[in-house]
Amino acid sequence: MQKVIEKAGKAFLTGNEAAAWAALAAGAEIMFGYPITPQNEIMHYWTRLAPKYGRGFLQTEDEISAGFTVCGAVQAGKKAFTATAGPGNTLMQEPFSMAEAMRLPLVAIIQQRGGPSSGTVIYSQQEVTLTTFGGNGEGHRIVYSTASHQEIYDYVIKAFNTAWKYRFPTFVLGDGYQAKMREPLVMYDPEEKGMEMVKPYPLVGLEGKIGEGREPQHLCNIYSMEEELYEVVMKFAAEYEAIAPEVVEYEEKNCDDAEILILAHGVVSRAADDAVKALRAQGIKAGYFRPITLRPFPGRQLREVIAKSGAKKMLIAESAYGQFDRLVKQEIYGETIPIYNLFMPGVGIIDYDIVNKVKSIL
Amino acid sequence: MGLIKIALAGEGGQGVQSIAEILAEAAYEEQKQAIYIPNFGVEQRGGVSIAFLQVSEERIGAPKFNKADVVIALSKRAVPRTARYSDENTIFVYDSSFTPEEEELPKEAKKIIGLPALDTASRELHPRVFNMIIMGAVIGFTGIVSLGSAKYALEKKLGAKFEKDPKLRELNHKALEIGWNMAQEALKEEVAK
Amino acid sequence: MVLPATPKSWYLPTKPHKFCPGCGHGIVLKALGEAIDELGIQDKTVFGCDIGCSLLSWNFFACDSIQTHHGRTTPVMVGIKRARPELITIGYMGDGGGYSIGSQHLLNAAVRNEKITVILVNNTNYGMTGGQMAPTTLPGQKTETTPYGRDPEITGYPTKGPEFVAALTSDGAYVARGTVSKYKQLKRFIKNALQNQIEGNGFSFVEALSTCPTNWRTNAQQTWSFLEDEMEKYFPVGEFKSPLGKGEK
């Protein structure tokens, strides 16, 4: 496959553009998509770049189809992906469920917009529940929540490896701000950097003659017996839990002596990071914890931070009305640290908002 | 240079997004950190368009801000849409081709300036380079980039057009300089008071 | 006892199959199996089945097969074909999956002339879920959700699939309607539809009129009579579009 980035270098791009370049650099072979703001430019850049590198694209009739065509393409053994947002993410929960049930290495980039319903086309963190636990399944998905263009680039590349290595559908959860804003990043070829890219392989359409050296592949998605389904789901759950420790990622700053812990994810963690600096400058011992993987969640690491800091309070800040908060609480069940929250559904959060909130609860 | 926050607003087609994008590009060329984010609604062209631009020597946190160092409103209805980004440290600028409603102007501002950008462009240059005067003025008010870097970024965006019509380059550069001078004069007036 | 010869591409460990006695699916799948054998495409065929009775065909063939979601077989097959054009992809579905819940996929795959083959079994009802009205239920026909007979004033007239697919597709598409009462013709249509994909001409679509005595609550004679006298009258059998030479009516 032709190298996309010959030499690592700085670039000044929108997040959507960074995502398209990263998918190319990761060796994605085909994208299926349907227009929805704020992810459109991922398709726009992909459709301009893909033909130059022999990669494919299909604009499908809707997001349901975009998700299912990705399911088909990965079953045929190609690195395929899609990108969506908001109501499109709602529709894609159906194919995402199939990917969960059949352990398909589907990759999807989600650029969250305001909700519920059509909401706004701008920004939110209101697709956390949907992306982590959507569909009629058990949340056997891997979800990276990015906070910068560098991370969009890094984690889109990583998502393809994660998906093909573990065979759980993998999501890069961005948002409208990250999609549309421009900021600098470094783009590179992952293999030049020493990353080993996991090779895709077909689940159907295998080589060889059936009956003479190979058996037909019958891929199942519906079971006649409840016990059969139980066995499958329990097996997946065990496998998911087994890989979770090596998949989990998080970031932690100033937690050792923190009196108050600030929790945020995605783009809001930038404001949380700045808020901690501002509070420290004012003599308030604040610390910062940010899960990068929302699924699996770094629950053990968060408990350790709570224990080692001896913090008296915890603040959860998010651009949603408690979706991240619920995720955190279920992971640290039994901890007694009082939890406060700053819920700003569908609007941006800046350091000033967090600093004020912290001061009001101390 | 610390963090500088700029909000630019105008009617679709007035070029506020282009100004912000070129300035962000220029800052990036100067090895500064820059974040530009368009405020996008469901409209493609109609309605007020706002661009949020932040430039700093250090890593920038949140992509949006609630108070700007400079707010520029290029149309009458952009004034009430942007007044909220002004506080006692903000220079609030509007184009003097219209008269803003008194009650729509920000309650708090370091200074409110009516800039004759459109008028000057129409009289001395060409109405099309109105937004270059504005870009020059933004640089004049904030010093986020040098005029040279702005010209370089402009070249990257419009170089092909300039090659075909070198007069266009001259016109744009002149507009930039006029805008820069306007801002300098406006700031001096403040000192004089 | 001598059993009739089974197609080579059938997967014998799953036989006898699980369809109800008198169901037409077995006949359609036999025609499909023989067509696959004669074209020699067993090793490169990917068979995708919808949810509904068509699901019972999942491990019917000794071909790579995938179960999908109700109505979503078409996009899954499109994804496979777009990713690996050398494979032969067959979407197998019922009238509910193709004409109702998955109609937008069928319609758009037809418009794009996707080089896949769709075989749709029309038995005028939702069989697996217990015999509800389907898009193809005939006027006056009683089902679980039209206990007094389908009233076209309320639910419209039956969907004529090959007619709409033929209208939407462009050159290269193959569109036909066969019936399990005319096996040789049905098999020829299915074989043509596969041949059309092999040649990469365009979208290939065959609707097969079929029987459902369980939900129709008919005996053998009534079953056959409903198929031949009622259904075939409403749903004309023949080729609607064929790039493989002159169409057959």
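Owing to the predicted nature of the structure, the values given are computational and were not obtained by experimental measurement.

Student: Tell me about the overall build of chain B, and name the residues and values.
Tutor: Within chain B, the regular secondary structure consists of six helices and six strands. Ordered by position from N to C terminus, the α and β elements of chain B give β-α-β-β-β-α-β-β-α-α-α-α. When the backbone C-alpha atoms are referred to their principal axes, chain B occupies close to 45 × 45 × 40 Å. Across the 193 residues in chain B, those meeting the buried criterion constitute 55%. Within chain B, contacts between residues separated by at least 24 positions form 58% of all contacts whose residues are at least 6 apart in sequence. For chain B, the accessible area works out to roughly 8,800 Å², and carbon and sulfur atoms hold 48% of it.

Student: Describe in detail the packing of helix 1 (residues 16–29) of chain B against helix 4 (residues 130–142) of chain B, supporting the description with residues and values.
Tutor: All names here are of chain B. Two elements in contact, helix 1 and helix 4, have axes whose closest approach is 10 Å; the angle formed by their N-to-C orientations is 45°. Taken together, helix 1 and helix 4 sit at an angle that is classed as oblique. Here helix 1 and helix 4 pass one another in a crossing that is right-handed. When helix 1 is examined against helix 4, the residues Ile19, Ile22 and Leu23 are found in contact with a partner set consisting of Asn131, Met132, Ile134, Met135, Val138 and Ile139. For the contact of helix 1 with helix 4, the class distribution of residues is eight nonpolar, one polar and no charged.

Student: I'd like a description of the side chain of asparagine 172 of chain B, backed by residues and values.
Tutor: Residues and elements named next belong to chain B. Mapped onto the elements, asparagine 172 comes out in helix 6 (residues 166–192). By relative accessible area, asparagine 172 is classed as buried at 7%. Residue contacts for asparagine 172: discarding those within four places in its chain leaves Val129, Met132, Leu154 and Phe162.

Student: I'd like a description of the sheet that holds strand 17 (residues 339–343) of chain A, backed by residues and values.
Tutor: Residues and elements named next belong to chain A. What the five strands build is an open sheet, ordered 12-14-13-16-17; its pairing is mixed. A strand with exactly one partner marks an edge of an open sheet, and here the two such strands are strand 12 (250–253) and strand 17. Neighbour-to-neighbour, the strand axes of this sheet turn through a mean angle of 20°, independent of strand direction. Here strand 13 (residues 260–263) runs beside strand 16 (residues 313–318); their pairing, made up of four bridges, is parallel. What sits directly across from leucine 263, in strand 16, is isoleucine 316. Docked against the sheet, helix 10 (residues 299–309) engages strand 12, strand 13, strand 14 (286–291) and strand 16, running at close to 160° with respect to strand 13. Helix 11 (residues 323–331) rests against strand 13, strand 14, strand 16 and strand 17 of the sheet, and its axis sits at about 140° to strand 16.

Student: Let's hear about the sheet that holds strand 6 (residues 142–145) of chain A: which residues, and what values?
Tutor: All names here are of chain A. Reading across the sheet, the seven strands line up as 3-2-4-5-7-6-15 and stay open at both edges, with mixed pairing between neighbours. Each edge of the open sheet is held by one strand with a lone partner, namely strand 3 (56–59) and strand 15 (293–295). Sheet twist, expressed as the average angle between the axes of neighbouring strands with direction ignored, equals 20°. Pairing analysis gives six bridges linking strand 5 (residues 107–112) to strand 7 (residues 170–175), with the strands arranged parallel. What sits directly across from alanine 108, in strand 7, is phenylalanine 171.

Student: So what about the UniProt feature "transmembrane region" (unreviewed entry) in chain B? Which residues, and what values?
Tutor: Per the UniProt entry, the sites bearing "transmembrane region" (unreviewed entry) are residues 129–154 of chain B in this numbering. Counting secondary structure, residues 129–154 of chain B comes out at 81% helix and 0% strand; the distance between its end C-alpha atoms is 12 Å.

Student: Mind laying out the interface of chain B and chain A, listing which residues take part and the relevant values?
Tutor: If you look at the interface, chain B gives 22 residues, while chain A gives 22 residues. Across the chain B to chain A interface the summed buried area is about 2,000 Å²; carbon plus sulfur atoms make up 63%. Inspection of the region where chain B meets chain A yields one salt bridge. In this assembly, chain B and chain A are joined by eight residue pairs in polar contact (both at pLDDT 80 or more). When contributions to the side of chain B that touches chain A are tallied by element, the ones reaching two or more residues are helix 1 and strand 2 (33–39) of chain B.

Student: So what's going on with the nonpolar core? Which residues, and what values?
Tutor: Ranked by internal contacts, the top residues of the largest apolar core, which has 104 residues, are Trp21, Phe81 and Tyr153 of chain A. Of the residues forming this core, the biggest block, eight residues, is contributed by helix 6 (residues 149–166) of chain A. Structurally, this core is a two-domain feature, drawing no fewer than three residues from each of domain 1 (9–187) and domain 2 (251–361) of chain A. The contacts of tyrosine 153 of chain A, once residues within four sequence positions are left out, are Ile5, Ala18, Trp21, Ala22, Ala25, Leu185, Val186, Met187 and Tyr188 of chain A. Within the second largest apolar cluster, 51 residues are counted, among which are Ala51, Val70, Ile144 and Ala186 of chain B.

Student: Run through the confidence of the model for chain C, naming residues and quoting values.
Tutor: Scored by pLDDT, chain C comes out at a mean of 95, with 97% of its residues at no less than 70. Both confidence scores are given for the complex: pTM 0.94, ipTM 0.94.

Student: Tell me about helix 12 (residues 351–361) of chain A, residues and numbers included.
Tutor: Listed as buried for helix 12 of chain A are Asp353, Ile354, Val355, Val358 and Ile361 of chain A. Looking at the buried residues of helix 12 of chain A, the elements they touch are strand 13, helix 9 (268–281), strand 16 and strand 17 of chain A.

Student: Account for the pairing of strand 2 of chain B, with residues named and values stated.
Tutor: Residue and element names in this part refer to chain B. Burial within strand 2 is extensive, with six of its seven residues counted as buried. Strand direction decides the pairing type here: strand 2 and strand 3 (residues 48–56), joined by seven bridges, are antiparallel. Looking at strand 3, one finds that tyrosine 36 is bridged to leucine 53.

Student: Lay out the UniProt feature "domain: Thiamine pyrophosphate enzyme TPP-binding" (unreviewed entry) in chain C in plain terms, naming residues and giving numbers.
Tutor: Under the present numbering, the feature "domain: Thiamine pyrophosphate enzyme TPP-binding" (unreviewed entry) in UniProt falls on residues 60–207 of chain C. Overall, residues 60–207 of chain C shows 37% helix and 21% strand. The separation of its end C-alpha atoms is 19 Å.

Student: Residue-level account of the interface of chain C and chain A, with values.
Tutor: Each partner contributes to the interface: chain C provides 33 residues, whereas chain A provides 35 residues. Of all residues in chain C, Asp43, Asp64 and His69 of chain C bury the most surface against chain A, accounting for 22% of the area lost on that side. Between arginine 214 of chain A and aspartate 64 of chain C there is a salt bridge, and its shortest N-O distance comes to 2.9 Å. Secondary-structure elements contributing two or more residues to the side of chain C that touches chain A are strand 2 (64–67), helix 2 (73–83) and helix 4 (103–111) of chain C. Considering every element that reaches the side of chain C that touches chain A, the biggest residue donor is helix 2 of chain C, with seven residues. Residue composition of the side of chain C that touches chain A, by class: 15 nonpolar, 11 polar and seven charged. In this sheet, strand 2 of chain C lies alongside strand 11 (residues 218–219) of chain A in parallel orientation, the contact comprising two bridges. When the bridges of strand 2 of chain C are listed, leucine 219 of chain A appears paired with isoleucine 66 of chain C.

What counts, and where the lines are drawn
Residues numbered from 1 in each chain as written. Chains lettered and ligands numbered in written order. Predicted model: local features only at pLDDT ≥ 70, side-chain atom pairs only at ≥ 80, totals over all residues. Heavy atoms only, no water. Helix = DSSP H or I, 4+ residues; strand = E, 2+ residues; numbered from the N terminus. Buried < 20%, exposed > 50% of the residue type's maximum accessible area, 1.4 Å probe, protein only. Contact = heavy atoms within 4.5 Å. Areas by Shrake-Rupley, 256 points an atom, 1.4 Å probe, with all protein chains shown as cover. Axes fitted to C-alpha atoms, helices over the stretch in contact; angles between N-to-C directions. Parallel < 35°, antiparallel > 145°, perpendicular 65-115°, else oblique. Left-handed = near helix turned anticlockwise from the far one by under 90°. Nonpolar A, V, L, I, M, F, W, Y, C, P; charged D, E, K, R; others polar. Pairing = 2+ DSSP bridges. UniProt positions renumbered as here; feature names shortened; annotations may be inferred. Buried area = accessible area lost by both parts, 1.4 Å probe. Salt bridge = Lys/Arg side-chain N within 4 Å of Asp/Glu carboxyl O. Polar contact = N/O pair within 3.5 Å; in protein donor to acceptor, adjacent residues only side chain to side chain. Core = buried A, V, L, I, M, F, W, Y, C linked by side-chain atoms within 4.5 Å. Domains from an automatic or database assignment. pLDDT = per-residue confidence, 0-100.

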